[in-house]
Amino acid sequence: MEWYPLFNSLRIAAVSTVIIFFLGILAAYYVAKLPRLVKGVLDVVLTLPLVLPPTVVGYFLLRLLGPRRVLGLWFLEHFDLRLTMVWYAAIFASAVVAFPLMYRTARGAFEAFDPTLAYAAQTLGRSNTWIFWRVRMPYCKQGIIAGTVLSFARALGEYGATSMIAGYTPGKTATISTTVYQLWRTGDDAGAMRWVLVNLAISAVVLLTVNMLEKKDRRPRRRTVSVAGEVGE
Amino acid sequence: MRLSVDIHKDFGPFRLDAAFEADSGAVTGLLGASGCGKSVTLRCIAGIETPDEGHIELDGEVLFDSAAHINLSPQRRRVGYLFQNYALFPNMTVAQNIAAGVRDRARRKETAERLIHTLYLEGNEHKYPRQLSGGQQQRVALARILANEPRALLLDEPFSALDSYLKWQVELELMDLLGKFEGPVLFVTHSRDEVRRLCQQVCVLDQGRSQPMQPVEELFEAPRTLSACLLSGCKNVSRARPLPDGRVEALDWGMTLESGVPLPPNLSHVGIRAHFLRPAEGPGPNRLPCTVERVVDEMFSTVAMLTTPGGGQGFSRLRIELDKAAWAALSNPKELWVELPRERLLLLAGA
């Protein structure tokens, strides 16, 4: 069995997860601070890839990155770099498709953050950078790890946009998902089954990880014992 | 050192207009019902919230001035803020939380150790906030603030998150600490008992408007406004109308009262504390016939709710509080004449 598709899939998913990690957190942090209307609009735009068919995402990417399109042409002329039908083209596809998962989970985590913690740190003279890395991120750790793992899983399983922008070239752009389709199409049922099992195993491990992280929720318990009835007896 | 505040902020249906001064060496109470703008006032002073207009000055330094476009960041104000839920960093131990407050990196460890000792936190250095009791959490928060060497302290309902049996102990500890603090201390609360025990002067906030600062004794002995009177715990209040002969008509109680003193110009209400009401033999000045509606046995006294000639609703009822023995001597009356001694009347101006 030729293991190239596994290696290629992992490499694509890993690189796109790194990209998504930073972009997703950045977007979540700043969008949470925006005024309501702008927030609503940006939220729709940033979440759209989650609900669009991956082929639509692939179509947009081709319009942008294709050799005769804006970005594609520019990269080709200046760097002699093709952005489609190469292994790294799949990174764009999986990054765009998986981005909303990171963005939304991170935003949920940031929104659950108790702002008085940030205020307290501010009145103690701590910089906003310190607050972000030492208070906000640790507080939101679980959400952010969960978002990262989910994005990785989604990036690993990307098929639609990937097949449009990277195609299927054995030993070059083949990923697990495109290989399963190719093997099934050519009648190699046993081969397809092997890759299906590999994929199932990876996905199960990823989801188990997410579940374990969610169970280990360690939010502080609030002590709110009422001592009301002081003004009026 | 002096903290002076004069701020305005519009929240749509609610408007905050707070003006007062607080000096070093005294605890200044901000007393008001919930939602009256107490916490917002503190947040404006700390720089977490920005007033629409006004001026905040601490120790001669302007922290905020809308006209001069000065608005120091919370980081640069050096004001200690004790939050209602203490806002301890859940991911840090007690020692790390306190060290986070120390500005001078070189003295971080030493200062944290000193404060752990001063605030009786030894043995808890490596615990996380969620493993501590409410009182301990509050001491950690205080240690973290003191480590920061603030110029003023803002305490936002510091006892509201504590079990009531813990409160007494924590209150005593806090009083000791506040006695040693050199800058002005602002203490926000809705509890008149806390104000009486902890503060020297008090400013009543009524629906976002601050009333003149007064000594704490004055709030309890001679409140000047209706809201101050209600916040000080007085239960018997009636709408009032000055009469040409210098007497006062208590509209809700349906009676006319002699006060024996000149009436304040904008008299709107009259009040009297429950334990100053006296049972009387029969008609006379400042007396009225009541019907006993309900009797409640308290720990050390008996409280009776009385219906006045003014009616049986809301303010028109009177509450009388007597020694258990004194009440027993009346042998469970249905009707009762009550006297409102004129030297005990509280003459109140509208807000």
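Not measured: the values here are computed from a predicted model.

### As for a nonpolar patch on the surface
All names here are of chain A. Where nonpolar side chains cluster on the molecular surface, the patch consists of L37, V38, V41, L42 and V45 and spans about 450 Å² of accessible area. Looking at the element boundaries, L42 is found in helix α2 (residues 36-51). Of the residues examined, L42 reaches a relative accessible area of 31% and is grouped as partly exposed.

### Some remarks on the pattern of salt bridges
Residues and elements named next belong to chain A. Under the definition given, this model contains 26 salt bridges over all chains. For E111, the salt bridge identified is with K39, shortest N-O distance 3.8 Å. In this pair, E111 sits in helix α5 (residues 89-111) while K39 sits in helix α2, placing the two residues 72 residues apart along the sequence. Through salt bridges with shared partners, a single network forms among K39, D43, R104, R107 and E111.

### Here's the deal with the interface of chain A and chain B
Taken together, the contact pairs 29 residues of chain A with 45 residues of chain B. Interface of chain A and chain B: buried area, both sides summed, is about 3,100 Å²; carbon and sulfur atoms make up 55% of it. The interface formed by chain A and chain B includes 6 residue pairs in polar contact (both at pLDDT 80 or more). At 7 residues, the largest contribution of residues to the side of chain A that touches chain B is made by helix α6 (residues 115-123) of chain A. Residue composition of the side of chain A that touches chain B, grouped by class: 13 nonpolar, 7 polar and 9 charged.

### Re the sheet that holds strand β13 (residues 236-242) of chain B
Residue and element names in this part refer to chain B. Strand order in the open sheet formed by 5 strands is β15-β14-β13-β16-β22, and the pairing between neighbours is antiparallel. The open sheet terminates on both sides in strands that have one partner only, identified here as β15 (255-257) and β22 (346-349). Mean inter-strand twist for the sheet, computed between neighbouring axes without regard to direction, equals 35°. As judged from the 3 bridges shared by β13 and strand β14 (residues 248-250), these two strands associate in the antiparallel manner. Across the sheet, residue R241 finds its bridge partner in β14, namely E249.

Thresholds, definitions, all that
- Throughout this document, residue positions are counted from 1 along each chain, in the order its sequence is written.
- Chains and ligands are labelled by the order in which they are written, letters from A for the one and numbers from 1 for the other.
- The predicted nature of this model means local features are confined to residues of pLDDT at least 70 and side-chain atom pairs, given and counted, to a pLDDT of 80 or more, with totals for whole chains, interfaces and linings taken over all residues.
- To obtain the side-chain values, all non-hydrogen atoms of the structure were included, while hydrogens and water were left out.
- Patches here: salt-bridge-free residues with over 30% relative accessible area, like charges joined within 9 Å, nonpolar side chains (Val, Leu, Ile, Met, Phe, Trp, Tyr) joined within 5 Å.
- The method behind every accessible area is Shrake-Rupley, applied with a 1.4 Å probe, and residues are considered shielded solely by the protein chains displayed.
- The salt bridge criterion pairs a side-chain nitrogen of Lys or Arg with a carboxyl oxygen of Asp or Glu, the two atoms within 4 Å.
- Strands are runs of DSSP state E lasting at least two residues, helices are runs of H or I lasting at least four, and both sets are numbered from the N terminus onward.
- Relative accessibility under 20% of the residue-type maximum defines a buried residue, over 50% an exposed one, and the middle range a partly exposed one, all with a 1.4 Å probe and only protein chains included.
- Between two residues, a contact is recorded if the distance between any of their heavy atoms is within 4.5 Å.
- Summed over both partners, buried area is the accessible surface (1.4 Å probe) that two parts give up on being assembled.
- Between N or O atoms, a polar contact is any pair within 3.5 Å; within protein, one atom must be a potential hydrogen donor and the other a potential acceptor, and residues adjacent in sequence are included only when both atoms are from side chains.
- Ten residues, namely Ala, Val, Leu, Ile, Met, Phe, Trp, Tyr, Cys and Pro, are considered nonpolar, four, namely Asp, Glu, Lys and Arg, are considered charged, and the remaining ones, Gly among them, are considered polar.
- Strands were regarded as paired on the criterion that DSSP finds at least two bridges between them.
- Axes here mean lines fitted to C-alpha atoms, for a helix over just the part in contact, with angles spanning 0 to 180 degrees between N-to-C directions.

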